[in-house]
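# Overview (structure and organization)
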Amino acid sequence: IAEWYKGFRQDCPDGRLTADSFVKIYSKCFPAGNVGEFCDHVFRTFDTDKNGFIDFKEFLLAIDVTSSGTPEEKLNWAFSMYDVDGNGWIDLEEMTKLVGSIYKMIGTHQTQTHLAKYEAEAKERAKGIFKRMDINNDGKVTKEEFTKTCLEDENLIDLLTPPSAECHIQ
């Protein structure tokens with residue numbers, strides 16, 4: 001913890017990680033992609049007190065959950081990220097936003113043609129995932145549906161949460 005704190009203070013001398021700094025750090029992990037949208041979602045989820053920055057406590061809790069939490073803890077965190085408006089469920093629009101942001105982050109988009117193709121693929125992928133997760137077909141994915149579906153399909157959680165273990169401040 002002392003090493004993490006040292007690294008955090010080195011990167012954030014005032015003890016506050018801003019959204020812009022977060023994007024810069026994440027960009028190093030995905031240099032070919034566009035991380036902006038995805039970072040907005042991750043930052044919002046890490047900033048638990050919603051004050052516009054991540055302090056060391058929030059940083060430490062986020063690292064703990066995302067790197068060494070139980071599958072259920074990781075899924076609860078991921079659900080919070082996908083539930084953009086915080087209403088307790090995920091709708092198709094929210095799923096599409098997050099899946100699209102992952103596609104933009106991982107892929108390279110030199111041309112408008114590539115961008116359009118990735119957006120179309122992301123939309124279709126989001127629809128398919130949403131349909132699988134919306135067990136009772138009510139147009140909403142609850143935390144229970146999200147968790148149950150992901151626990152039954154390990155590949156799904158890998159798809160919904162791109163690798164970020166190397167994206168730590170230090």
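Above: the structure in question.
Numbering of residues starts from 1 in every chain and runs along the sequence as written. Whole-chain, interface and lining totals are the exception, using all residues; otherwise, since this is a predicted model, local features are given only for residues with pLDDT of at least 70 and side-chain atom pairs are given and counted only at 80 or more. Side-chain descriptors were evaluated using all non-hydrogen atoms of the structure, hydrogens and water having been removed beforehand.

### Considering the overall build of the protein chain
Runs of E in the DSSP output that reach at least two residues are strands. Runs of H or I that reach at least four are helices, and both are numbered from the N terminus. Scanning the protein chain for helices and strands turns up nine helices and four strands. In the protein chain, the order of α-helices and β-strands from amino to carboxyl end is α-β-α-α-β-α-α-β-α-α-β-α-α. Three labels apply to residues, based on accessible area from a 1.4 Å probe with only protein chains included: buried if under 20% of the type maximum, exposed if over 50%, partly exposed otherwise in between. Residue burial in the protein chain is summarised as follows: out of 170 residues, 38% are buried. Two residues qualify as a contact provided that any one of their heavy atoms is within 4.5 Å of a heavy atom in the partner residue. Excluding contacts between residues fewer than 6 apart, the proportion of contacts in the protein chain whose partners are at least 24 apart in sequence is 60%. Using a 1.4 Å probe, the Shrake-Rupley method yields the accessible areas, and only the shown protein chains count as cover for residues. About 9,600 Å² of surface is accessible on the protein chain, with carbon and sulfur atoms providing 53% of the total.

### Digging into the packing of aromatic side chains
Here the aromatic set is Phe, Tyr and Trp, taking the six-membered ring for Trp, and pairing holds for ring centres within 6.5 Å; pairs whose planes are under 30 degrees apart are stacked, those over 60 apart are edge-to-face, and all others are tilted. In this structure the tally under the stated criterion is 11 aromatic pairs. With a centroid separation of 6.1 Å and an interplanar angle of 35°, the aromatic rings of Phe-56 and Phe-59 are classed as tilted. Of the two residues, Phe-56 and Phe-59 are both situated in helix H4 (residues 56–68); the distance of three residues between them amounts to about one turn of the helix. Exposure remark for Phe-56: the relative accessible area of 15% places this residue in the buried category. The exposure class of Phe-59 is buried, given its relative accessible area of 5%. Here the aromatic rings of Tyr-82 and Phe-146 are separated by 6.0 Å at their centres, their planes lie at 45°, and the arrangement is tilted. One end of the pair, Tyr-82, is in helix H5 (residues 71–82); the other, Phe-146, is in helix H8 (residues 143–152), and 64 residues separate them in sequence. Exposure remark for Phe-146: the relative accessible area of 0% places this residue in the buried category. Every member of this aromatic cluster is reached through a ring pair, and the members are Phe-22, Tyr-26, Phe-38, Phe-43, Phe-46 and Trp-77.

### Some details on helix H6 (residues 92–106)
Look at H6: 21 Å from first C-alpha to last across 15 residues, which is about the 21 Å you get at 1.5 Å a residue. Most of H6 sits inside the fold, with 11 of its 15 residues counted as buried. Of the positions making up H6, those classed as buried are Glu-94, Met-95, Thr-96, Leu-98, Val-99, Gly-100, Ser-101, Ile-102, Tyr-103, Lys-104 and Met-105. Its side-chain oxygen 3.2 Å from the backbone nitrogen of Glu-93, Asp-91 forms the N-cap of H6. Given a helix with a known number of residues, its expected span is that number minus one, times 1.5 Å. As used in this structure description, the phrase polar contact means that two N or O atoms lie within 3.5 Å; if the pair is within protein, one of them must be able to donate a hydrogen and the other to accept it, and residues adjacent in sequence are counted only when both atoms belong to side chains.

### Concerning the environment of Leu-156
Positionally, Leu-156 belongs in helix H9 (residues 154–160). Spatially, the C-alpha atoms of Leu-156 and Ile-129 are 8.3 Å apart, while their sequence positions differ by 27 residues. Contact partners of Leu-156, with chain neighbours within four places excluded, come to Ile-129, Arg-132, Met-133, Thr-149 and Cys-150.

### Focus on the nonpolar core
In this description, a nonpolar core means a group of buried Ala, Val, Leu, Ile, Met, Phe, Trp, Tyr and Cys residues linked to one another through side-chain atoms lying within 4.5 Å. With 42 residues, the main nonpolar core has Phe-22, Tyr-82, Met-95, Met-133, Phe-146 and Leu-160 as its most contacted residues. Apart from the residues within four sequence positions on either side, Phe-22 is in contact with Leu-17, Cys-39, Val-42, Phe-43, Phe-46 and Ile-54.

### Notes on H5
End to end, H5 covers 16 Å across 12 residues, agreeing with the expected 16 Å (1.5 Å per residue, within 8%). Taken together, the buried positions of H5 are Leu-75, Trp-77, Ala-78, Phe-79, Met-81 and Tyr-82.

### What to know about unusual backbone geometry
Positive phi, close to 55°, is recorded for Lys-50, a residue that is not glycine. Assignment of secondary structure puts Lys-50 in the loop between helix H3 (36–46) and strand E2 (53–54). The exposure class of Lys-50 is exposed, given its relative accessible area of 54%. The phi torsion at Asn-137 lies on the positive side, around 55°, for a residue other than glycine. Inspection of the secondary structure assignment puts Asn-137 in the loop between helix H7 (112–133) and strand E4 (141–142).

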